[in-house]
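In case you want the letters, here they are:
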Amino acid sequence: MDKTKPFDVSKQAVWQAYLKVRANAGAAGVDGQSLEQFEQDLQGNLYKLWNRLSSGSYFPPPVMLVEIPKKGGGVRPLGVPTVADRVAQTVVAQELEKVVEPIFDDDSYGYRPGRSAHDALAVCRQRCWQFAWVVDLDVRSFFDSVDHALLLKAVAPHTDLRWVLLYVQRWLTAPLQQADGRLVERDRGTPQGSAVSPVLANLYLHYAFDVWMRREFPSVPFERYADDVIVHCTSQAQAEQVRSAIATRLARVQPRAAPGQDPDRVLQAARTARLA
């Protein structure tokens, strides 16, 4: 550790993060700097980033908002950080993954090393032979509406590194820059497209959904891929009971659900179905 730096961020961690960003490629952020341009002074850029991260002086730039059309209509908002910010986020994401991956549920599949949507589908098909009913749901605007205070509360017990919490908090509140250049301040949400969002989202839903389901419905299996969930039930009555309970639970941990609001409003889509 550099004794002149308040935070022990290793240069090797920054290098490994850069290699991962390079492998994932991606577009330029608000500064217009492409990965190729960043690499023109790779050593200097990585050293500057390490210096700021380890000194506590790193402040993320705005995240560029890009709207991607959905197949079914509408758009999906994505946040595109700068190349340097993606490297910085990956440093923290890798640090968090080391400690939270071992505690994550076996039936959580989204954005996790060595797991995929195909794995979730394979398990789902197998369970559909055993259970006659399913609840198919996803959380409404989950990435746009994550409660920052609850998310930081979920992160805190898993790290004693002050710089991890410091930078997570700064990323959560970094503004979005719209196509016309206007900045939108954020008091909730973690943009899809950022390197640290997947592990943060999984940690949030680990406590908001996975742990809760295992406690409240230990005999009811499920597969979760990010904010999309399939729950397997033995009867229509059980499926409706579980669906209602999930809606109520998510309403308590989603800031969009105001007191007295219909809990189902936190679910983008939720249906019970009998399997043929």
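As the structure is a prediction and not an experimental result, all values here were calculated from the model.

1. Focus: the side chain of Glu223
Relative to the elements of secondary structure, Glu223 occurs in strand β6 (residues 222-225). Exposure remark for Glu223: the relative accessible area of 4% places this residue in the buried category. For Glu223, the residues in contact, after removing those within four places along its chain, are Asp107, Tyr109, Ala120, Val123, Cys124, Arg127, Asp228, Val229, Ile230 and His232.

2. Examining the nonpolar core
The biggest cluster of nonpolar side chains holds 63 residues, and the ones touching the most others in it are Leu53, Val92, Met213, Val231 and Ile246. Among the elements that make up this core, the one with the highest residue count is helix α9 (residues 197-216) (10 residues). Excluding its chain neighbours within four sequence positions, the residues that come into contact with Val92 are Trp163, Val164, Tyr167, Val168, Trp171 and Val196.

3. Thoughts on the packing of helix α3 (residues 42-55) against helix α4 (residues 83-100)
The interhelical angle for the contact between α3 and α4, taken along N-to-C directions, is 50°, at an axis separation of 11 Å. Taken together, α3 and α4 sit at an angle that is classed as oblique. Considering only the axes of α3 and α4, their crossing is right-handed. Contacts between α3 and α4 involve Leu46, Leu49 and Leu53 from the former and Ala84, Val87, Ala88 and Val91 from the latter. Classifying every residue of the contact of α3 with α4 gives 7 nonpolar, no polar and no charged.

4. What about the packing of aromatic side chains?
Think of a pair of aromatic rings as described by two things: how far the centres are apart, and how the planes are tilted against each other in angle. Counted according to the given criterion, the structure contains 8 aromatic pairs. Taking 5.9 Å as the distance between ring centres and 50° as the angle between the ring planes, the aromatic pair formed by Tyr111 and Tyr225 counts as tilted. One end of the pair, Tyr111, is in the loop between α4 and α5 (117-128); the other, Tyr225, is in strand β6, with 114 residues separating them in the sequence. Measuring from ring centre to ring centre gives 5.2 Å for Phe209 and Phe222, while their planes differ by 80°; the resulting arrangement is edge-to-face. Placement of Phe209 in helix α9 and of Phe222 in strand β6 is noted, with a sequence separation of 13 residues between them. In this structure, Phe209 and Phe222 share a single accessibility class: buried. One aromatic cluster is present, built from ring pairs that chain together Tyr58, Tyr167 and Trp171. In this structure, Lys11 is placed above the aromatic ring of Trp50, and the distance from its NZ or CZ to the ring centre is 4.7 Å. The ring of Phe59 is capped by Arg170, whose NZ or CZ atom sits 3.7 Å from the centre of that ring.

5. Digging into unusual backbone geometry
Positive phi values are uncommon outside glycine, yet Ala25 reaches one of about 55°. Checked against the element boundaries, Ala25 lands in the loop between α1 (11-24) and α2 (35-38). A relative accessible area of 38% places Ala25 in the partly exposed class. One non-glycine residue, Ala226, lies in positive phi territory at about 55°.

6. Things to note about the sheet that holds strand β4 (residues 176-177)
Note on sheets: strands pair through backbone hydrogen bonds, and any given pair is parallel or antiparallel. Judged by pairing direction, the sheet is mixed, and its 4 strands sit side by side in the order β2-β1-β4-β5 without closing on themselves. The open sheet is flanked by β2 (75-80) and β5 (183-184), the only strands paired with a single partner.

7. Overview of the packing of α4 against α9
Taken N-terminus to C-terminus, the directions of α4 and α9 make an angle of 35°; their axes are 9 Å apart at the nearest point. Judged by the twist between their axes, the crossing of α4 over α9 is left-handed. Contacts between α4 and α9 involve Ala93, Leu96, Glu97 and Val100 from the former and Val199, Leu200 and Leu203 from the latter. Residues belonging to the contact of α4 with α9 are distributed by class as follows: 6 nonpolar, no polar and 1 charged.

The rules behind these values
Residues numbered from 1 in each chain as written. Predicted model: local features only at pLDDT ≥ 70, side-chain atom pairs only at ≥ 80, totals over all residues. Heavy atoms only, no water. Helix = DSSP H or I, 4+ residues; strand = E, 2+ residues; numbered from the N terminus. Buried < 20%, exposed > 50% of the residue type's maximum accessible area, 1.4 Å probe, protein only. Contact = heavy atoms within 4.5 Å. Core = buried A, V, L, I, M, F, W, Y, C linked by side-chain atoms within 4.5 Å. Axes fitted to C-alpha atoms, helices over the stretch in contact; angles between N-to-C directions. Parallel < 35°, antiparallel > 145°, perpendicular 65-115°, else oblique. Left-handed = near helix turned anticlockwise from the far one by under 90°. Nonpolar A, V, L, I, M, F, W, Y, C, P; charged D, E, K, R; others polar. Phe/Tyr/Trp six-rings, centres within 6.5 Å; stacked < 30°, edge-to-face > 60°. Lys NZ or Arg CZ within 6 Å of the ring centre and 35° of its normal. Pairing = 2+ DSSP bridges.

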